[in-house]
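A look at the structure
Spelled out, the chains give:
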Amino acid sequence: MPLSSSIKNYVGRNYKKRRQKDKLSKQQRSNLMSKIRSKNSGLEKSFLRLLKKSTSRKFKTHVKALRGTPDIFFEKEKICVFLDGDFWHGWQFPRWKHQMKNKFWKDKIEGNRRRDRRTHIYLKREGLTVFRFWEHDVRNKSCELIKTIKASLSS
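Residues numbered from 1 in each chain as written. Predicted model: local features only at pLDDT ≥ 70, side-chain atom pairs only at ≥ 80, totals over all residues. Heavy atoms only, no water.

Here's the deal with the pattern of salt bridges
Taken as a whole, this structure holds 7 salt bridges when the rule is applied. When the shortest N-O distance is used, the salt bridge between Lys-103 and Asp-107 registers 2.9 Å. Separated by 4 residues within a single helix, Lys-103 and Asp-107 lie in helix α4 (residues 103–125), roughly one turn from each other. Relative accessible area serves as the criterion here: at 34%, Asp-107 is assigned to the partly exposed category. Each of Asp-84, Asp-116 and Arg-132 takes part in one network of salt bridges that share partners. (Salt bridge = Lys/Arg side-chain N within 4 Å of Asp/Glu carboxyl O. Helix = DSSP H or I, 4+ residues; strand = E, 2+ residues; numbered from the N terminus. Buried < 20%, exposed > 50% of the residue type's maximum accessible area, 1.4 Å probe, protein only.)

Observations regarding α4
The first and last C-alpha atoms of α4 sit 33 Å apart over 23 residues, in line with the 33 Å expected at 1.5 Å per residue. Turning to α4, its buried residues number three or more, namely Ile-109, Gly-111, Asn-112, Asp-116, Thr-119 and Leu-123. Next to the buried residues of α4 lie β3 (79–84), α3 (93–96) and β4 (129–134). Downstream of α4 by a residue or two, Gly-127 has a phi angle that is positive, lying close to 90 degrees. (Expected span 1.5 Å × (residues − 1). Contact = heavy atoms within 4.5 Å.)

Observations concerning unusual backbone geometry
Not every positive phi belongs to a glycine, and His-62 is a case in point at roughly 55 degrees. Looking at where His-62 falls in the secondary structure, it is placed in the loop between β1 (60–61) and β2 (72–74). Residue His-62 is classed as buried on the basis of its relative accessible area of 14%. Positioned with a positive phi, Gln-92 is a non-glycine residue whose angle comes to about 50 degrees.

Focus on the nonpolar core
Core analysis: the largest hydrophobic core is formed by 17 residues, its most contacted members being Phe-47, Ile-72, Phe-74, Val-81, Phe-133 and Ile-149. For this core, the elements supplying multiple residues, two or more each, are α2 (42–54), β2, β3, β4 and α6 (142–154). Setting aside residues up to four positions removed in sequence, Phe-74 forms contacts with Leu-51, Arg-57, Lys-58, Phe-59, Ile-79, Ile-149 and Leu-153. Core analysis: the second largest hydrophobic core is formed by 8 residues, Val-63, Leu-66, Phe-82 and Val-130 among them. (Core = buried A, V, L, I, M, F, W, Y, C linked by side-chain atoms within 4.5 Å.)

Section: the sheet that holds β4
Strand order in the open sheet made by the 4 strands is β1-β2-β3-β4, with mixed pairing throughout. Each having just a single partner strand, β1 and β4 make up the two edges of the open sheet. As judged from the 6 bridges shared by β3 and β4, these two strands associate in the parallel manner. Each bridged residue has a counterpart across the sheet, and for Cys-80 the counterpart in β4 is Val-130. The sheet contacts of α4 involve β3 and β4, and relative to β4 the element is tilted by about 150 degrees. Sheet contacts for α6: β2, β3 and β4; angle to β4, the most-contacted strand, approximately 175 degrees. (Pairing = 2+ DSSP bridges. Axes fitted to C-alpha atoms, helices over the stretch in contact; angles between N-to-C directions.)

Concerning the environment of Gln-99
By the secondary structure assignment, Gln-99 is in the loop between α3 and α4. For Gln-99, a relative accessible area of 13% gives the class buried. Taking C-alpha positions, Gln-99 is 9.8 Å from Gln-20, a pair spaced 79 residues apart along the chain.

In short, geometric facts, not functional conclusions.
Put into structure tokens, the structure is as follows:
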């Protein structure tokens with residue numbers, strides 16, 4: 001499927017498109033958003049399954065004792081892995097933030113991005129190796145990401 005000339009981005013989305021009014025009521029939107037999981041999502045489960053198959057190293061998930069609660073933590077090797085959702089963590093956010101319907105979501109995603117940067121810097125200062133993988137990369141390049149983690153584990 002060829003992309004039109006106005007769409008020149010990785011995922012083929014038209015960022016210049018005008019936003020439409022939400023078709024769901026506030027209650028319907030609230031119910032829908034409440035079903036979005038922050039941990040143990042399908043994407044995360046499939047990545048963990050692949051990681052367990054490909055490495056014999058022990059790791060923990062959702063370690064609350066660490067700042068930022070990494071999705072995966074190799075304690076002995078001091079490696080943290082975050083699996084960041086494209087929307088919630090603002091992948092290419094400057095390109096599409098103008099389309100946000102209201103200030104709440106714009107502020108929410110900008111806050112998430114600020115917190116992610118602070119957490120990353122803090123964990124690096126504490127001597128941990130930090131990996132942040134985007135949702136679309138986890139979906140499309142899981143094997144490559146696992147190779148990256150394994151290379152870091154063996155060094």
